[in-house]
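Chain by chain, the residues:
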Amino acid sequence: MMFNKKQLLFLMVGLVALAAFFFSIYNEVKQKTIAELNNRQRVYARLAANGLEESLSHHFKILKHLARQDDVVRMSPRGRDLMKTFHEMSADEIRGITRTSAKGKIIFTLPHVEGTIGADISGQDHIRKVMRIHKPVMSDVFMAAQGF
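Cut-offs used in this document
- Residues numbered from 1 in each chain as written.
- Predicted model: local features only at pLDDT ≥ 70, side-chain atom pairs only at ≥ 80, totals over all residues.
- Heavy atoms only, no water.
- Patch = residues over 30% accessible without salt bridge, like charges linked within 9 Å, V, L, I, M, F, W, Y side chains within 5 Å.
- Areas by Shrake-Rupley, 256 points an atom, 1.4 Å probe, with all protein chains shown as cover.
- Salt bridge = Lys/Arg side-chain N within 4 Å of Asp/Glu carboxyl O.
- Lys, Arg positive; Asp, Glu negative; His and termini not counted.
- Charge placed at Lys NZ, Arg CZ, Asp CG, Glu CD.
- Helix = DSSP H or I, 4+ residues; strand = E, 2+ residues; numbered from the N terminus.
- Buried < 20%, exposed > 50% of the residue type's maximum accessible area, 1.4 Å probe, protein only.
- Pairing = 2+ DSSP bridges.

Undergrad: What exactly am I supposed to notice about a positive patch on the surface here?
TA: Among the surface-exposed residues, Lys61, Lys64, Arg68 and Lys135 lie close enough to one another that they form a single positively charged patch. Inspection of the secondary structure assignment puts Arg68 in helix α1 (residues 5-68). Judged by relative accessible area, Arg68 falls into the exposed class, the value being 61%.

Below you can see the structure in the form of structure tokens.
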């Protein structure tokens, strides 16, 4: 079977047009897929952020309540028990809980690590901020006096 030049040219132009058509469809599907994936990732990120905010808000409420308790302020045995109970209940989310003096020295900490009571942590950024504004703050990651 012999093709003349016009038929061969027509076949080549047709194949190029067909390839361009399929490439165009591929690009459109690819762009829609990427856009859909980005939208889903934004939704997942928003859900994760909301979950973290709810969790932090819940813990802050409990910690504020604990901080107002006379037994915790005086660090009586009952105050230590209250802090221990809170730490045990939230140990899977909160690694440690520390009560400091107004000058930034550790008065009580859980988990207890030998040598941490009396340690001066007033040089840590988040402790300085707490001492300045007297409200809960979120810190960057840091090495705790307890070693974690």
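Undergrad: Sorry if this is basic, but what is going on with the pairing of strand β2 (residues 106-110) here?
TA: Taken residue by residue, a regular strand's side chains alternate between the two faces of the sheet. Burial analysis of β2 places four of its five residues in the buried class, the great majority of the element. Relative to β2, strand β1 (residues 97-100) is paired through four bridges, and the arrangement is antiparallel. Directly across from Ile97, in β2, lies its bridge partner Leu110. Between β1 and the antiparallel strand that follows it, β2, lie five residues; Gly104 among them carries a positive phi value of about 90°.

Undergrad: For this particular structure, what's the right way to read the pattern of salt bridges?
TA: Pairs can form between side chains of opposite charge whenever their charged atoms are close. Per the counting criterion, the structure on display carries five salt bridges. The partner of Glu28 in a salt bridge is Lys32, with the nearest N and O atoms 3.3 Å apart. With Glu28 and Lys32 both in helix α1, this residue pair falls four residues apart, about one helical turn. Overall, the relative accessible area of 55% leaves Lys32 in the exposed class. The salt bridge partner of Asp71 is Arg74, with a shortest N-O separation of 3.0 Å. Linking Asp71 with Arg74, this pair stays in helix α2 (residues 70-74), spanning three residues, or about one helical turn. Classification of Asp71 by relative accessible area gives buried; the value is 15%. A single network of salt bridges, built from pairs that share partners, joins Asp71, Arg74 and Arg78.

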